[in-house]
Amino acid sequence: MNKTALRKKYKNLRLGLSEEKIEELSLEIANNLLQLPIWQKEFYHLFLSIAEQKEIATEYILHILQGKDKNVVLSKTNIQEHTLDHFLLTDNSVIKKNKWNIPEPEGGIAIAPNQLDVVFVPLLAFDETGHRIGYGKGFYDNFLKECKPDVLKIGLSFFKAEPEFKEVFNSDVPLDYCVTPNKIYSFKN
């Protein structure tokens, strides 16, 4: 299947999940994350879920990070430049949905991508080699290229890996891990 067909397949699979199932699977993913050797780091980038797209409910991960007193960083979409701006989540952060229903901070303390230690990466599908398919706009690939070379890139998925994508481009940034409700995939050498 090509990327367009895979996007459609996984969007439809997600849309078929009930709210209860999304909550259950999201909690399992958050619990599986606790097994990874990532919790000694300082700056964690987290995406906030687009409920209308039936994305993974990341509030469970947010609670873990806050419980471990970690610095949580959120993004704001810069549509004109196809980039993301990053802000530290604080008690004063104001979160609002943009026109695509993405919850984003209105502003705050700016954090540079090269300060991040761990990035939780949204995706629609991923393969057994660590490549991911997102919504196709390249925001995360562009962002991940700005991070330091040893940043840990962790995909989150309700579904298992595809065998291998046929369409992989030089601009695609592979994951280090992908965590599902049933398995942790490691792509680190």
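Keep in mind it's a predicted model, so treat the numbers as computed, not measured. (Residues numbered from 1 in each chain as written. Predicted model: local features only at pLDDT ≥ 70, side-chain atom pairs only at ≥ 80, totals over all residues. Heavy atoms only, no water.)

**With respect to helix 2 (residues 19–33)**
When the terminal C-alpha atoms of helix 2 are compared, their 21 Å separation across 15 residues agrees well with the 21 Å that a helix rising 1.5 Å per residue should span. Contacts from the buried residues of helix 2 go to helix 3 (59–67), strand 6 (118–121), strand 9 (152–156), strand 10 (177–179) and strand 11 (184–186). (Helix = DSSP H or I, 4+ residues; strand = E, 2+ residues; numbered from the N terminus. Expected span 1.5 Å × (residues − 1). Contact = heavy atoms within 4.5 Å.)

**Considering the pattern of salt bridges**
Under the counting rule described, the total for this entry stands at 7 salt bridges. Glu24 is the salt-bridge partner of Lys21, the closest N and O atoms lying 3.3 Å from each other. Of this pair, Lys21 and Glu24 both sit in helix 2, 3 residues apart, which is roughly one turn of that helix. Note that Asp176 is salt-bridged to Lys153, the shortest N-O span being 3.1 Å. Of this pair, Asp176 sits in the loop between strand 9 and strand 10 while Lys153 sits in strand 9, and the two are 23 residues apart along the sequence. (Salt bridge = Lys/Arg side-chain N within 4 Å of Asp/Glu carboxyl O.)

**Let's talk about the side chain of Glu162**
Inspection of the secondary structure assignment puts Glu162 in the loop between strand 9 and strand 10. A polar contact of 2.4 Å, which involves the side chain of Glu162, links it to the side chain of Tyr10. With sequence-adjacent residues up to four places away left out, Glu162 is seen in contact with Leu6, Lys9, Tyr10, Phe126, Asp127 and Glu128. (Polar contact = N/O pair within 3.5 Å; in protein donor to acceptor, adjacent residues only side chain to side chain.)

**A short note on the nonpolar core**
If you look at the biggest cluster of nonpolar residues, it comprises 57 residues, and the most contacted ones within it are Leu33, Leu116, Val119, Phe120, Ile154 and Leu156. Once you skip the residues sitting within four places of it in the chain, Leu33 turns out to touch Trp39, Ile61, Phe120, Ile154, Leu156 and Val179. (Core = buried A, V, L, I, M, F, W, Y, C linked by side-chain atoms within 4.5 Å. Buried < 20%, exposed > 50% of the residue type's maximum accessible area, 1.4 Å probe, protein only.)

**A word on the environment of Glu146**
Here Glu146 lies in helix 4 (residues 139–146). Take Glu146: its relative accessible area is 42%, and that puts it in the partly exposed class. Separated by 30 residues in the primary sequence, Glu146 and Leu116 have C-alpha atoms spaced 10.0 Å apart.

**With respect to the pairing of strand 3 (residues 83–88)**
Sheet topology places strand 2 (residues 71–78) next to strand 3; 6 bridges connect them, and they run antiparallel. Residue pairing across strands places Thr77 opposite Leu84, the latter belonging to strand 3. A loop of 4 residues connects strand 2 with strand 3, the two strands running antiparallel in sequence, and His82 in this loop sits at a positive phi of about 55 degrees. (Pairing = 2+ DSSP bridges.)

**Here's the deal with helix 4**
Those residues of helix 4 that fall on the buried side of the exposure criterion are Phe139, Tyr140, Asp141, Phe143 and Leu144. At its buried positions, helix 4 is contacted by strand 1 (43–45), strand 2, strand 3, strand 6, strand 8 (132–133) and strand 9.

**So, the sheet that holds strand 10**
Two pairing modes exist for strands in a sheet, parallel and antiparallel, and in both the strands are linked by backbone hydrogen bonds. With mixed pairing, 7 strands are arranged side by side in an open sheet as 3-2-1-6-9-10-11. Among the strands making up the open sheet, the edge pair consists of strand 3 and strand 11. Adjacent strand axes in the sheet meet at a mean angle of 25 degrees, parallel and antiparallel pairs treated alike. Pairing of strand 1 with strand 2 involves 3 bridges; the strand directions are parallel. Bridge assignment links Phe43 to a residue of strand 2, and that residue is Asn71. (Axes fitted to C-alpha atoms, helices over the stretch in contact; angles between N-to-C directions.)

Nothing here speaks to function; it is all geometry.
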